[in-house]
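Structural features, examined
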Amino acid sequence: MSTGAGIDYSVWDHIYVSDDEDVTNPYVDTPSLFRMRHRTRLERMAEFQQRGEDLENNLLECKKLLEEAQGRLKELEEGRNQGEEDEEREAEIKKVQGEVRKLKKDEKSFEKMIEEYRREEKKLPWDVDTISKEGFSKSVLNIKPVTKEETEEEKVEKHKTFAEKYKEEIRHFGMLRRWGDSQKYLSDNPHLVCEETANCLVVICIDFEIDEKHALMEQVAHQTIVMQFILDLAQTLKVDARGCFRQFFSKIQTADKPYLDEFDRELERLKERIRSCAQMRMASAVEELEEEERQKRLGPGGLDPVEVYESLPKDMQKSFDEKNIQMLQEAIRKLDLEEGKYHLRRCIASGLWVPESGERDDEKEDNEEDEEED
């Protein structure tokens, strides 16, 4: 059967849509009989499919054996061409040639049987089990996945790995000035649309501020706010940030004044935080440097000579300034005995005063006397 347009509907002539293959009688054919017929038909279909699979497997195995036999035959013939002729080799060649001929014959036989199988398959009538096939199957459970919360150590390690891997790409994005350039760069590098990029940009801003490169800091800060606005938009829409950054750029280029003012306010707040953080880092660095210098100055007793010098009476300070031992001794005599010992011990412990061996012994005896009194 065909129409004037040339469409052939003859393939529909042998479709069986009932659940049985014979004419049924509702008074004779019970539900159990329907099920039995259906099961029998399914078993025949399974046997037919298994026969096709066996033919395909046999053909593949035959081709594999044929390829191996042809390889052996080629090696034997090459050896004969090189002058290594003997009766045993000739017998082996004839044997392998016989195998090759037999395998080629088997290959043609299997190919013929497969063709017949496929012709027979096309002639099979359609029924409820073969009239259509499932294109795809997918089950969706409306259950919120359990996400494991990252520890602080894992977050730090994740940020460190990301920053090392995409350092150059992040810095390049931070230097872009036009909206279109930023959008294109993120389109080419969508993996940068994430919170780690925003954190890395903040670190770059702080480094620029410490180096007093204020213009570069402000440029990167602008791109940091761009990334933060994209992340906020994704959170609002409850979508992946990589799927909505284009929407942000479309919005910012046609945004009204309140939206732009909010963008500028966030940018100024970020700049202030960066300046404050940079000052704290510089102050911390200065403190660390001073502490390192102090540790280097510590005397044999663990005291800082600068601190000890500043705590001395004026006369003792003057004697150290002039490096006058006699003046130092006179300044100590003017003090109370205990006060003089206290300052002298601190001078020795800080390295301001390095006594001679006799004076060191006297100092040791004084310390022992003080311990006995205690």
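Remember, predicted model here, so these are calculated numbers, not experimental data.

The rules behind the values
- Residues numbered from 1 in each chain as written.
- Predicted model: local features only at pLDDT ≥ 70, side-chain atom pairs only at ≥ 80, totals over all residues.
- Heavy atoms only, no water.
- Salt bridge = Lys/Arg side-chain N within 4 Å of Asp/Glu carboxyl O.
- Helix = DSSP H or I, 4+ residues; strand = E, 2+ residues; numbered from the N terminus.
- Buried < 20%, exposed > 50% of the residue type's maximum accessible area, 1.4 Å probe, protein only.
- Axes fitted to C-alpha atoms, helices over the stretch in contact; angles between N-to-C directions.
- Parallel < 35°, antiparallel > 145°, perpendicular 65-115°, else oblique.
- Contact = heavy atoms within 4.5 Å.
- Nonpolar A, V, L, I, M, F, W, Y, C, P; charged D, E, K, R; others polar.
- Patch = residues over 30% accessible without salt bridge, like charges linked within 9 Å, V, L, I, M, F, W, Y side chains within 5 Å.
- Areas by Shrake-Rupley, 256 points an atom, 1.4 Å probe, with all protein chains shown as cover.
- Lys, Arg positive; Asp, Glu negative; His and termini not counted.
- Charge placed at Lys NZ, Arg CZ, Asp CG, Glu CD.

1. Remarks on the pattern of salt bridges
For the structure shown, the criterion picks out 14 salt bridges. Among the salt bridges present, the one from Arg 118 reaches Glu 56, with a minimum N-O distance of 3.0 Å. Separated by 62 residues along the polypeptide, Arg 118 in helix 2 (residues 87-123) and Glu 56 in helix 1 (residues 31-81) bring together distant segments of the chain. You can call Arg 118 partly exposed: its relative accessible area is 43%. Residue classification places Glu 56 among the partly exposed residues on the basis of a relative accessible area of 31%. Between Arg 265 and Glu 262 there is a salt bridge, and its shortest N-O distance comes to 2.7 Å.

2. Brief notes about the packing of helix 8 (residues 245-253) against helix 9 (residues 257-297)
For the pair helix 8 and helix 9, the least separation of the axes is 9 Å and the interaxial angle reads 110°. Classed by the angle they form, the pair helix 8 and helix 9 counts as roughly perpendicular. Contacts between helix 8 and helix 9 involve Phe 248, Lys 251 and Ile 252 on the former and, on the latter, Tyr 259, Leu 260 and Phe 263. Of the residues assigned to the contact of helix 8 with helix 9, the class counts are five nonpolar, no polar and one charged.

3. Quick notes on the environment of Trp 179
Looking at where Trp 179 falls in the secondary structure, it is placed in helix 5 (residues 179-188). If near-sequence neighbours (up to four positions away) are discounted, Trp 179 is found in contact with His 222, Val 226, Phe 248, Phe 249, Ile 252, Gln 253 and Phe 263.

4. Brief notes about a negative patch on the surface
A cluster of acidic residues, Glu 287, Glu 288, Glu 290, Glu 292 and Glu 293, forms a negative patch at the surface. When you line up the elements, Glu 290 lands in helix 9.

Note that every value here comes from positions in space, so none of it alone points to a role or purpose.
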